[in-house]
Each structure stands twice: as structure tokens, then as C-alpha cells.
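Chain by chain, the residues:
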Amino acid sequence: MKYSANSVWENKDEYDVVIVGAGHAGCEAALACARMGFQTLMFTVSVDSIALMPCNPNIGGSSKGHLVKEVDALGGEMGKVIDRTFIQSKMLNSSKGPAVHSLRAQADKANYSKTMRKVLEDQENLEIKQMEVTEILAEDGADGKKIITGVRTYSGATYRCRAVVLCTGTYLKARCIYGDVSMQTGPNGLQPANYLTDSLKELGIEMYRFKTGTPARIDKRSIDFSKMEEQKGDERIVPFSFTTDPEDIQIDQVSCWLTYTNEKTHEIIRENLDRSPLFSGMIEGTGPRYCPSIEDKVVKFADKNRHQVFIEPEGLDTNEMYVGGMSSSLPEDVQYAMYRSVPGLEHAKIVRNAYAIEYDCIDARQLKSTLEFKNVEGLFSGGQFNGSSGYEEAAAQGLVAGINAARKLQGKEGIIIDRSEGYIGVLIDDLVTKESHEPYRMMTSRAEYRLLLRQDNADLRLTKIGYEVGLIEEERYQNLLKKEEQIQKEIERVESVHVGTTKEVQELLESCGSTPLVSGASLADLIRRPELSYEILASVDKMRPELKYDVAEQVNINIKYEGYIKRQKKQVEQFKKLEKKRIPADINYEEVQSLRLEAKQKLSQIRPASIGQASRISGVSPADISVLLVYLESR
């Protein structure tokens, strides 16, 4: 049979799920579906861009480290891959309480991408194809919804499937801009995906236009590190994955470097603001509030005479260095001038110019909490396409979208991690409930129950869910149950073991600046003292069993913060009551008397699943919630 150019034809291979995109969201979604036993096909505009890090060369950081730990606890891959490819690791906020401790690792970008690609290529039930998806195929359902039937590619090929997960990142109608230069291109000069947006609009999906950006990369050989502050990694490295043996990752680490902008830098930027596409109106998309460009910082924080600049290696086998903190879309000549005004960068040679990137994404309020579109059955979405920012936020959403696409095919209810169970729950709930006019970034302050949602206990919170959906193997699950038992037994033991006013005890207390004992006290009472800990008391605890570090850590935290933890658990109980008050899917808010007009509009648009979710919608007041509760009682 003879085929004409661009002929439409149908691929006869059978697939259950199609993943569109192979960034951090796409990788987790594809692995989840394949590991849950479904024939999965992942499309990417470039196989060489799988798990690409087009911006910062690191994984984790404040609150983002929590997300990576939670992805790992559920059976995701990001934590395992960064443990194999990091070149520096650091625990942030270690001087503060455990709720805000956040692990952050510098990655060897090329090795991270290569390692993740190998995992995908070796995964049973998973195929990878380099091709742009241009159309989502759906048919009319009985209830007026569309139902997914497949996708069509730029080559004209049709691939039939029962579910699609969109993980398009920043590629849809992408445009990279600096100065007067505007290129129709995705990140790192890769081709954009220019056709899918129109197909999504035809399905009734509302689109936004967002912006993000990246700093220049400079040649390491042109940097004077003697004018900068060296930033070393932690002496004792903590892994991201709960499956990684800490002893296997104690490696020699590379250094990062800290320098600062100055008044000269700011003057150069201010004098050239008229040439910035950000301020000239050339850029249409809305940028991230919490990761602004350097020109944004200079304008919005005019009182600051300097800003931090982190110089970070992109990998072991390259001289490219990332200039963290100086994202920009200024013209090339201005970039050279401003970078060279920074101490240590006086002779900097730019390898890749800084640029801003605009792209199409969605209003995530069109999604259910399972990340399935409300009006298109079988269509799921994850990552920056949902209006979020960051590799870690993307991976978390991709994993949940992938799990729920697979569970839909299993005929099971999707999993919903609520706000009291994980940062992933906070992230997704915020995205699908609250109106967002800028890329969403996860922060510890967004989590109401952050003392319970620590990164150190992510496995205790979420591994059971991963086991139930089929992503956690039996051995790992049994190890978790054993860990839970050890923690509980040891807490009970230290609560019951008392020490007296012996010389050994008093000397230990004195050496730690702690008040001497007048009479005996339990080990737990001593652990609760701010200057003491479970570890410090080892020498006076003669009957202490040998426990792994992570078990001992949980014993220490649970005892030391017992009062706060109990208080937060009570708050969670109240939260759960509202979450359990379900709202019927067919409710007509126009019929609810005394609801304000804005509340009717917002509730009809978002269609919350519970009273708890309804209470978090902007524009829905406590009075509206009371009215709604009365109405539901009358039903």
C-alpha cells in the first residue's frame, strides 16, 4: 500500500495509557502506569530531553525536598535517581525545627537525565516514542462528557488508548525571549509543541499563558572563585530515597560558590529596563512570584543594595556553571555587563544566554482532586502544564496522575492525598481549588499541618498508600511495619526507664548546659529538654537497643515535640470532619437559598467534592459554608 505525505493512519499496537511529555511529571506518570501493569506509551519531542533540567541543576530545597521524599514513599523514582547522580548534598534549615528541614542536592544534569532514561527504557510495559502529539481524540459520552479514545501525532498516526496523561511542561506554543530576540522554541532550544493547544481548546479546556525564566550559564574557567564564598556539602549525607543505604552515598562532593550583586549591577539593570521584554510588554505571560528575574528583584526590592548569587556546577564533565539568582530576559550585551559587575565574574564568558520562556498551561480548577479533567473522562494532567513551577512539584503531580489513570482503568476510585497527609495533598488541593494567576510554587508555609508532614516521616505517612496501589514491593512494606513497631516500642521504653542523680548523669547534664537533677527522671523527660536529645543520652541509657538512625530520629522527634504533635492531630481531626462531609456531584447551587452570588458561581465552576474543599475556595465565605451545611442536612 502506498502512503501519501502526512497521511492519517492508525497504529495497530495496543496501549492502555498514553503519556504526553517526558519531563519530571511524564517520567513518574509513565513509570507508575507501567508498573501497575498497563501498556504505556510515552511521547516526547526529543528522546534526548527525557528528565531534562532546563533550569536549576538541583533537586529538592525548602518544601521541595518534602515532595521528593513523598514521591519516593509512594513508589516514585525521582529520589532514587538523584541519590545516584548528585554531586553535592545539603540539609537546609538544619538549625531550625524538623518541620522545615529540607534536603537539597546538586545534580549532575546530564547524568540525571541519562539515568532516568535508562530506568524508563528498562521498564516492562513501557515504550518511548519521539514524536509530537498534536491532537487528543475523544468521543461523546452518554452524560455529555467527552471520553478519551486516543491521540494523533504530527506524522498523522493515530494511537488508540483508554487514558491520556498530559505532562507537556513548558513546551506548548513555547517562545524563548531575551531583549529583542524572540524564538519559537522550547527550553534549551528544543522544538516547541505548537498544535496541541488548539485540540485542547476544542475539548472545552481553558488555557492560560505563563512565563518562567532561567539565568545564563558561564564558563567555569572564566570565574575568579577567590572573590566568592565557598559553599560545601554536608559532612554526613542523607539520602532522598528511603531505599538508599546512606553508607553507599558518602562521596567526595563538589563545591558551590556564593557572591552578590551590587549597586553597579543594579544601576546597569535600571538603565536598561526599557530594553527588557518583561517591562516593555513583549512578554505576555505571568511569571513566578517566588522566583523572580533579577530585573524584577531590582525594581520590587529597590531598598536592597545587593542580592545573593549562587554559582553552581552543572555536572562533573562540563565547565558550565549555573548563575542562581540572576534569571533574566535582558538583551545579550546587558547580560554581559551585569554579570561582569558581580565580584568573581568580572571576566565571565557566557555559554548560554539567560532567557524567559512563555508557554500555554491550564487553569487547574478544571481538574478533579485525582487530576482528571472534569469534562473529559480518561484525560489526566500533571506538572507545569497545571500551572505549577518546579521539577519536584511536577514529579509529584505526574505520579498521582499516573496512579489515578491506572486506577481508573482498574475500575477503582482514584487516590486523593489530603492536606493532612502530605505536601502532595496541599499542592494538588491548592491547584484544583484556588485561582492562580502565576506559576504555583510549593512552600512550607502553605502546609497547615507541617509539623506532622515532615520529610523524615514521609514513608510512615505514605508508603502504605504506595503499597495498596501496587508501587511498593512486599519486602519494603514489611520493613516499614517493622520500623513502626520499633519506634513505638522504643518510645514506650524511654517513657518507662528512669535515671537517678548519679555522677555520670549529672556530669552529662552539666556538659550540655542542662539543669542537674534533684530527683530521678524518665529518659523521655530528659529528651524533652531543648538542649538534650535521644542521641545525647546514649551514654546513660545502658539498656538501649541497637536501632537504625531513622528509627532513633523518629523516637527523638515524637518525644521532643509530643505536645505540639498532639495539638496538630486534634486540628487534623476537625479538618477530617469537614472533608468527610461529601457534596453530591449533581448538586445545583442555584437552588441553594441564601448563598451569595459569588459563592454560587465559584462552587458551580469548581464543584468541590467536600465541605472542606468548598471552604478553601476563594470567594466562598464561612457564612456560605453554614448555608451549604444546612441545605445538605435538609437533603
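Residues numbered from 1 in each chain as written. Predicted model: local features only at pLDDT ≥ 70, side-chain atom pairs only at ≥ 80, totals over all residues. Heavy atoms only, no water.

1. Observations concerning the overall build of the protein
Here's step 1: When helices and strands are tallied, the protein shows 20 helices and 25 strands.
Here's step 2: Relative to a compact globule of 635 residues, whose C-alpha radius of gyration would be 26 Å, the protein shows 26 Å and is just as compact.
Here's step 3: Considered along the principal axes of its C-alpha atoms, the protein spans approximately 90 × 70 × 55 Å.
Here's step 4: The buried share of the protein, taken over its 635 residues, is 58%.
Here's step 5: Pairs at least 24 residues apart make up 72% of the contacts formed inside the protein by residues separated by at least 6 positions.
Here's step 6: Surface exposure of the protein reaches about 27600 Å², of which carbon and sulfur atoms provide 48%. (Helix = DSSP H or I, 4+ residues; strand = E, 2+ residues; numbered from the N terminus. Rg over C-alpha atoms; globule rule 2.2 N^0.38 Å. Buried < 20%, exposed > 50% of the residue type's maximum accessible area, 1.4 Å probe, protein only. Contact = heavy atoms within 4.5 Å. Areas by Shrake-Rupley, 256 points an atom, 1.4 Å probe, with all protein chains shown as cover.)

2. Describing the sheet that holds strand E20 (residues 350-352)
Here's step 1: If you trace the 6 strands from one edge of the open sheet to the other, you get E16-E17-E18-E19-E15-E20, paired in antiparallel fashion. In the strand order of this sheet, the two ends are held by strand E16 (229-231) and E20, each with one partner. Neighbour to neighbour, the strand axes of the sheet diverge by 35 degrees on average, direction disregarded. (Pairing = 2+ DSSP bridges. Axes fitted to C-alpha atoms, helices over the stretch in contact; angles between N-to-C directions.)

3. Notes on the domain arrangement of the protein
Here's step 1: Entries for the protein in the domain assignment read domain 1 (7-210 + 357-467), domain 2 (215-355), domain 3 (486-562) and domain 4 (580-632).
Here's step 2: For domain 1 versus domain 4, the distance between C-alpha centres works out to 29 Å.
Here's step 3: On the domain 4 side, the residues contacting the 10 residues of domain 1 number 7 residues.
Here's step 4: Summed over both partners, the interface of domain 1 with domain 4 buries about 740 Å², with 45% contributed by carbon and sulfur atoms.
Here's step 5: Counting the surface domain 1 buries against domain 4, the share from its top three residues, Arg365, Lys374 and Thr433, is 53%.
Here's step 6: At the boundary of domain 1 with domain 4, the tally comes to 1 salt bridge. (Domains from an automatic or database assignment. Buried area = accessible area lost by both parts, 1.4 Å probe. Salt bridge = Lys/Arg side-chain N within 4 Å of Asp/Glu carboxyl O.)

4. Concerning the nonpolar core
Here's step 1: Grouped together as the largest cluster of nonpolar side chains are 108 residues, with contacts concentrated most on Ile136, Val164, Leu166 and Leu379.
Here's step 2: Considering every element that reaches this core, the biggest residue donor is helix H10 (residues 391-409), with 11 residues.
Here's step 3: There are two domains that each give this core at least three residues, and those are domain 1 (7-210 + 357-467) and domain 2 (215-355).
Here's step 4: Those residues in contact with Leu379, other than ones at most four positions away along the chain, are Ile136, Ile148, Val164, Leu166, Leu203, Ile205, Leu371, Glu372 and Phe373.
Here's step 5: By size, the runner-up hydrophobic cluster in this structure holds 25 residues, among which are Trp257, Val323, Val334 and Leu345. (Core = buried A, V, L, I, M, F, W, Y, C linked by side-chain atoms within 4.5 Å.)

5. Observations concerning the packing of aromatic side chains
Here's step 1: All told, the structure shown has 7 aromatic pairs when counted by the stated rule.
Here's step 2: With centroids separated by 5.7 Å and ring planes inclined at 40 degrees, the aromatic side chains of Tyr208 and Phe210 adopt a geometry described as tilted.
Here's step 3: An aromatic cluster is defined as three or more aromatic residues linked by ring pairs; in this entry it consists of Tyr15, Phe43 and Tyr159.
Here's step 4: The ring of Tyr260 has Arg306 lying over it, and the distance from NZ or CZ to the ring centre is 3.6 Å.
Here's step 5: Directly above the ring of Tyr534 sits Arg544, whose terminal nitrogen or CZ lies 3.6 Å from the centroid. (Phe/Tyr/Trp six-rings, centres within 6.5 Å; stacked < 30°, edge-to-face > 60°. Lys NZ or Arg CZ within 6 Å of the ring centre and 35° of its normal.)

6. Observations concerning helix H6 (residues 263-271)
Here's step 1: Along H6, the residues classified as buried are Thr265, His266, Ile268 and Ile269. Across the axial projection of H6, the buried residues extend over an arc of 160 degrees, all falling on one side. Those residues of H6 that are exposed and aimed more than 90 degrees away from the buried face are Lys264 and Glu271.
Here's step 2: Considering only its buried residues, H6 is in contact with helix H8 (294-300) and helix H9 (332-339).
Here's step 3: Two or three places before Lys264, at the start of H6, stands the capping residue Asn262, its side-chain oxygen 3.0 Å from that residue's backbone nitrogen. (Arc of directions from axis to C-beta. Polar contact = N/O pair within 3.5 Å; in protein donor to acceptor, adjacent residues only side chain to side chain.)

7. Some thoughts on the packing of H6 against H9
Here's step 1: Where H6 contacts H9, the two axes come as close as 9 Å, and the packing angle between them is 165 degrees. With respect to their mutual orientation, H6 and H9 come out roughly antiparallel. Once H6 is placed against H9, the crossing between them reads as right-handed. Residues Thr265, Ile268 and Ile269 of H6 touch H9, and the partners they reach there are Val334, Ala337 and Met338.
Here's step 2: Here the contact of H6 with H9 is composed, by residue class, of 5 nonpolar, 1 polar and no charged. (Parallel < 35°, antiparallel > 145°, perpendicular 65-115°, else oblique. Left-handed = near helix turned anticlockwise from the far one by under 90°. Nonpolar A, V, L, I, M, F, W, Y, C, P; charged D, E, K, R; others polar.)

8. Points about the UniProt feature "binding site: FAD" (unreviewed entry) in the protein
Here's step 1: Per the UniProt record, "binding site: FAD" (unreviewed entry) is found at Gly21, Ala22, Gly23, His24, Ala25 and Gly26.
Here's step 2: Considering the arrangement of structural elements, one finds Ala22 in the loop between strand E2 (17-20) and helix H1 (24-35).
Here's step 3: When its relative accessible area of 6% is taken as the criterion, Ala22 is described as buried.
Here's step 4: In this fold, Gly23 is placed in the loop between E2 and H1. (UniProt positions renumbered as here; feature names shortened; annotations may be inferred.)

9. Observations regarding the pairing of strand E18 (residues 308-313)
Here's step 1: Strand direction decides the pairing type here: strand E17 (residues 256-260) and E18, joined by 4 bridges, are antiparallel. Note that in E18 the partner of Trp257 across the bridge is Ile311.
Here's step 2: Relative to strand E19 (residues 320-324), E18 is paired through 4 bridges, and the arrangement is antiparallel. Looking at the pairing, Glu312 lines up with Tyr322 of E19.
Here's step 3: Counted along the chain from E18 to the antiparallel partner E19, the turn is 6 residues long.

10. Considerations on the pairing of strand E8 (residues 133-140)
Here's step 1: Two strands pair when backbone bridges link them, and E8 and strand E9 (residues 146-153) are joined in this way by 7 bridges, in the antiparallel orientation. Directly across from Val133, in E9, lies its bridge partner Thr153.
Here's step 2: Hairpin connection, E8 to E9: the antiparallel pair is bridged by 5 residues, and Gly144 has positive phi, about 90 degrees.

11. Comments concerning the pattern of salt bridges
For side chains of opposite charge, pairing can occur when their charged atoms come near one another.
Here's step 1: In total, this model carries 55 salt bridges according to the counting rule given.
Here's step 2: One salt bridge connects Glu358 with Arg175, and the closest N-O pair in it is separated by 2.9 Å. Of this pair, Glu358 sits in strand E21 (residues 355-362) while Arg175 sits in strand E12 (residues 175-178), and the two are 183 residues apart along the sequence.
Here's step 3: Among the residues examined, Glu358 registers a relative accessible area of 1% and is labelled buried.

12. Details of the packing of helix H3 (residues 78-85) against helix H4 (residues 109-122)
Here's step 1: Where H3 contacts H4, the axes come no closer than 9 Å and their chain directions differ by 130 degrees. Here H3 is positioned oblique relative to H4, judged by the angle of their axes. As H3 runs across H4, the sense of the crossing is right-handed. Note on element contacts: H4 touches H3 through Asn111, Tyr112, Thr115, Met116 and Val119, opposite Met78, Val81, Ile82, Arg84 and Thr85.
Here's step 2: Each residue belonging to the contact of H3 with H4 can be placed in one class, and the counts come to 6 nonpolar, 3 polar and 1 charged.

13. Some remarks on the state of the cysteines
Here's step 1: Across all of its chains, the model carries 0 disulfides by this definition.
Here's step 2: With no disulfide of its own, Cys27 has Cys167 as its nearest cysteine by sulfur position, at a separation of 9.1 Å.
Here's step 3: Its sulfur unpaired, Cys33 is 9.1 Å from the next cysteine sulfur, which belongs to Cys167. (Disulfide = S-S within 2.5 Å.)

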